[in-house]
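# Overview (structure and organization)
Residues per chain are reported as follows:
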Amino acid sequence: MTSPLFNTLFLLLAGWSWMTAAMALELKPQQVTEGVYALVGETGPRTRENLALNSTMGFVVTSDGVAVIDSGATPGGARLIEQAVKQVTDQPVRWVINTGSQDHRWLGNGYFRAKGAKIIALKRTVETQKRFAESHLARLEGLLKEQAEEITPVYASPPLESDHARFRLGDTRFELIWFGDAHFPGDAVVWLPEKKIVFTGDMVYVERMLGIQEISPVLQWQQAFHAMERLDPEHVIPGHGSPCDLEKARRETGDYLDWLVTRVSAALDEWKELDETVDELTDAPRFKQLQHYDSWHRKNINRTYLQLEAER
Ligand SMILES: [Zn+2]
């Protein structure tokens, strides 16, 4: 039944449908202020069609070239970022700054490095990138097939030793700051002090619910968020979702972390069991409008409980 001809036709059609889907994908630069742009990827899950670009990235146009903030998960994704940059400037991408170590923050580094860009990241971010590179690549291979085969992990070398690095790129001042581990160990934010803009990476999620993973230390994430707030940014470019003000970031990330820690701590004080706590806290009307509430909220309570219990 499955003749070689049939197989060939099938592969051609499958390849064609994938190619047209990938070709249809485009990142549109959203201007935040002069020279600063957000690239807002989908807020749904990673798919073959979105090349795992289900995150928010961005770039800054300086007097001397462009600094990209986070390089996407694949060379194909990095190319989309580059095309988005070309929509607003002829300047080349000369620097890539990584805010984190999850696949879509840095696995596109190799694409830009091959074109001469310098990769910039903190040492503790690079350490986590190295720790998870193999498992993230394996998961992407399962999802993206041949797209993932082109990925070569490329790291900032040497990485920045400080946890609060200050540097100038062209005419623009940058700070790369670690306030504490958040979604992943070593998550950092990019702060533009002259423009009062922060690119938060995975520390801030808006529109969709953040995910406490096994390696996301909820107490540190909460403290890191509140430390970041003290920068008093005028604009927040989150790691997931659209650019916003600090108020919205607080409502949808900071308040939720506070809520999780406060409610779960109270349950532990009363010696409540895990299942009982998860059931009691499942209904949280304040956060119900966030995308993925149904799939993430119970898991977040669960992981918060286990982490806080272990600290007692
Ligand atoms: Zn992410």
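Small disclaimer: the values here were computed from a predicted structure and weren't measured.

Most of strand β4 (residues 65-69) is tucked away: five of the five residues are buried. What sits between the antiparallel neighbours strand β3 (residues 56-62) and β4 is a turn of two residues. As paired strands, β4 and strand β5 (residues 93-97) are joined by four bridges and run parallel to one another. The partner of Ala67 across the bridge, within β5, is Trp95. Following the backbone out of β4, through helix α2 (residues 75-86) and into the adjacent parallel β5, one traces a crossover that is right-handed.

Time to look at the side chain of Asp202. Here Asp202 lies in strand β10 (residues 197-205). Overall, the relative accessible area of 2% leaves Asp202 in the buried class. Only 2.8 Å separates the side chain of Asp202 from the side chain of Arg105, close enough to count as a polar contact. Those residues in contact with Asp202 that lie beyond four places of it in its chain are Gln102, His104, Arg105, His183, Asp187, Trp221, Gly239 and His240.

Here Ile215 shows up in the loop between β10 and α7 (218-229). The spacing of Ile215 and Trp259 is 44 residues in sequence and 19 Å in space, taken between C-alpha atoms.

Definitions and limits used
- Residues numbered from 1 in each chain as written.
- Predicted model: local features only at pLDDT ≥ 70, side-chain atom pairs only at ≥ 80, totals over all residues.
- Heavy atoms only, no water.
- Buried < 20%, exposed > 50% of the residue type's maximum accessible area, 1.4 Å probe, protein only.
- Helix = DSSP H or I, 4+ residues; strand = E, 2+ residues; numbered from the N terminus.
- Pairing = 2+ DSSP bridges.
- Right-handed = clockwise from strand over helix to strand, strands pointing away.
- Polar contact = N/O pair within 3.5 Å; in protein donor to acceptor, adjacent residues only side chain to side chain.
- Contact = heavy atoms within 4.5 Å.

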